[in-house]
Amino acid sequence: MRKDNKDPKATKFLMVKEWQDGNLVLNQPAGHVENNESVTQAVIRETREESGWLVEPIGLLGMYAFTPYEGADTYHRLCFLCEAVNETHEPLDNDIVSSHWLTYEEIMALPHRSPLIKACIEDSFNNPIISLSFVSNQFLRPMPIIRK
């Protein structure tokens with residue numbers, strides 16, 4: 001998520017600090033989609049839980065894949081751009097140390113959880129935003145069982 005500014009260097013991104021393998025690293029608010037939850041609902045919930053901010057998704061930035069090392073699971077990320085609605089002041093998830101609005105330069109100066117962070121942020125400056133209508137929730141709920 002980013003707070004736009006007329007000057008791209010002044011644009012701020014919502015980031016979280018968390019522990020990974022004993023190191024404090026930056027990440028974007030992220031998480032998993034729960035059963036029967038739309039991906040946009042997951043974006044709103046995970047961002048609130050990890051950063052303490054209520055957001056409104058406005059578009060899909062891209063889909064990314066990352067395998068951290070040979071034999072590791074591959075992580076798939078959908079990156080959304082969101083508008084900040086308001087800070088909730090709710091407690092953050094246990095594995096999150098803090099959340100911050102940071103500029104690109106501030107983010108690049110700190111260690112990242114994965115290379116997807118830089119890719120997503122740079123894509124937000126360079127790539128078109130995909131409409132949320134691209135994401136279908138038509139079959140989100142289980143289909144009724146038809147007995148013959």
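Residues numbered from 1 in each chain as written. Predicted model: local features only at pLDDT ≥ 70, side-chain atom pairs only at ≥ 80, totals over all residues. Heavy atoms only, no water.

Draft legend 1. Layout of the side chain of Glu50. Structurally, Glu50 is set in helix α1 (residues 39–51). Although Glu50 is buried, it makes no salt bridge; Arg45 carries the closest opposite charge, 7.7 Å away. A polar contact is formed between the side chain of Glu50 and the backbone nitrogen of Ala30, at a distance of 3.0 Å. (Helix = DSSP H or I, 4+ residues; strand = E, 2+ residues; numbered from the N terminus. Buried < 20%, exposed > 50% of the residue type's maximum accessible area, 1.4 Å probe, protein only. Lys, Arg positive; Asp, Glu negative; His and termini not counted. Salt bridge = Lys/Arg side-chain N within 4 Å of Asp/Glu carboxyl O. Polar contact = N/O pair within 3.5 Å; in protein donor to acceptor, adjacent residues only side chain to side chain.)

Draft legend 2. Structural context of unusual backbone geometry. At Asp21, a residue that is not glycine, the phi angle is positive and equals roughly 50 degrees. Relative to the assigned elements, Asp21 resides in the loop between β2 (12–20) and β3 (23–27). Here Asn36, not a glycine, exhibits a phi torsion of approximately 60 degrees, which is positive. Position of Asn36 relative to the elements: it lies in the loop between β3 and α1. On the basis of relative accessible area, Asn36 is assigned to the partly exposed category, the value being 32%.

Draft legend 3. Summary view of the nonpolar core. Membership of the largest hydrophobic core is limited to 9 residues, which are Leu14, Val39, Val43, Trp53, Val55, Leu60, Phe80, Cys82 and Trp101. At the level of elements, α1, β4 (53–66) and β5 (75–87) are the ones that each hand at least two residues to this core. Among the elements that make up this core, the one with the highest residue count is β4 (3 residues). Dropping the residues within four chain positions of it, Val39 is found in contact with Val33, Leu78, Phe80, Val135 and Asn137. Counting 7 residues, the second-largest nonpolar core is a separate cluster that includes Leu26, Leu102, Ile117 and Ile121. (Core = buried A, V, L, I, M, F, W, Y, C linked by side-chain atoms within 4.5 Å. Contact = heavy atoms within 4.5 Å.)

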